[in-house]
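Okay, here's what each chain looks like letter by letter:
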Amino acid sequence: CASVAWSQDGALLAVGRHNGEVQVWDAAAGRQVRTYECHDRRRVGALAWNGHTLSTGSRDHSILQRDLRQPTQYYARLQGHSQEVCGLSWSP
């Protein structure tokens, strides 16, 4: 994997992979609950949780905003970085 991040309540673990995939795991059940494939097969090196929102940053120079309550892959794509996104953090 390229990055990992726990949800604030510790219930979910997000795993960013080298192939652009993001997996979300239910920690208590030990099972994968979601898979996202939207970063053009590029490494996902940054993950940040904010409630139900998971932000993912990638080597494809984009940040995707995902709401785990929605069936869509993402609801916003933030572009404009000239290099890989290697760090993300939400303000408390």
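This section reports on the structure supplied with the text. (Residues numbered from 1 in each chain as written. Predicted model: local features only at pLDDT ≥ 70, side-chain atom pairs only at ≥ 80, totals over all residues. Heavy atoms only, no water.)

Right, let's talk about the pairing of strand β3 (residues 21-26) for a bit. As judged from the 5 bridges shared by strand β2 (residues 12-16) and β3, these two strands associate in the antiparallel manner. Note that in β3 the partner of G16 across the bridge is V22. From the end of β2 to the start of β3, which pair antiparallel, there are 4 residues, and G20 there has a positive phi angle of about 90°. Pairing geometry for β3 and strand β4 (residues 31-37), over 6 bridges, is antiparallel. Residue pairing for β4: E21 is matched across the bridge by E37. (Pairing = 2+ DSSP bridges. Helix = DSSP H or I, 4+ residues; strand = E, 2+ residues; numbered from the N terminus.)

Glancing now at the pattern of salt bridges. Per the counting criterion, the structure on display carries 4 salt bridges. Salt-bridge contacts for D67 lead to R69; the nearest nitrogen and oxygen are separated by 2.9 Å. The class of R69 is exposed, set by a relative accessible area of 55%. (Salt bridge = Lys/Arg side-chain N within 4 Å of Asp/Glu carboxyl O. Buried < 20%, exposed > 50% of the residue type's maximum accessible area, 1.4 Å probe, protein only.)

As summarised here, the arrangement of the 4 strands in space is β1-β2-β3-β4, forming an open sheet in which the pairing is antiparallel. Each edge of the open sheet is held by one strand with a lone partner, namely β1 (3-6) and β4. In this sheet, adjacent strand axes meet at a mean angle of 20° when their direction is disregarded. (Axes fitted to C-alpha atoms, helices over the stretch in contact; angles between N-to-C directions.)

The next point concerns the sheet that holds strand β7 (residues 63-67). If you walk across this open sheet you meet the 4 strands as β5-β6-β7-β8, and the pairing is antiparallel. What marks the edges here is a single partner per strand, and that holds for β5 (44-50) and β8 (76-78). With direction set aside, neighbouring strand axes in the sheet form an average angle of 20°. With 3 bridges joining them, β7 and β8 adopt antiparallel strand pairing. Residue pairing for β8: L64 is matched across the bridge by R77.

The biggest cluster of nonpolar side chains holds 10 residues, and these are A5, A14, V22, V24, Y36, V44, L47, W49, L54 and L68. Secondary-structure elements contributing two or more residues to this core are β3 and β5. The leading source of residues in this core is β5, at 3 residues. Those residues in contact with L54 that sit more than four places away from it in its chain are A14, V22, V24, L47, A48, W49, L64, Q65, R66 and L68. (Core = buried A, V, L, I, M, F, W, Y, C linked by side-chain atoms within 4.5 Å. Contact = heavy atoms within 4.5 Å.)

With respect to the helices, strands and loops of the structure, Q23 is situated in strand β3. Among the polar contacts listed, one links the side chain of Q23 to the side chain of E21, at a separation of 2.8 Å. Side-chain polar atoms of Q23 contact the side chain of W25, separated by 3.0 Å. The contact partners of Q23, leaving out residues within four places of it in the chain, are L13, A14, V15, R17, Q32 and R34. (Polar contact = N/O pair within 3.5 Å; in protein donor to acceptor, adjacent residues only side chain to side chain.)

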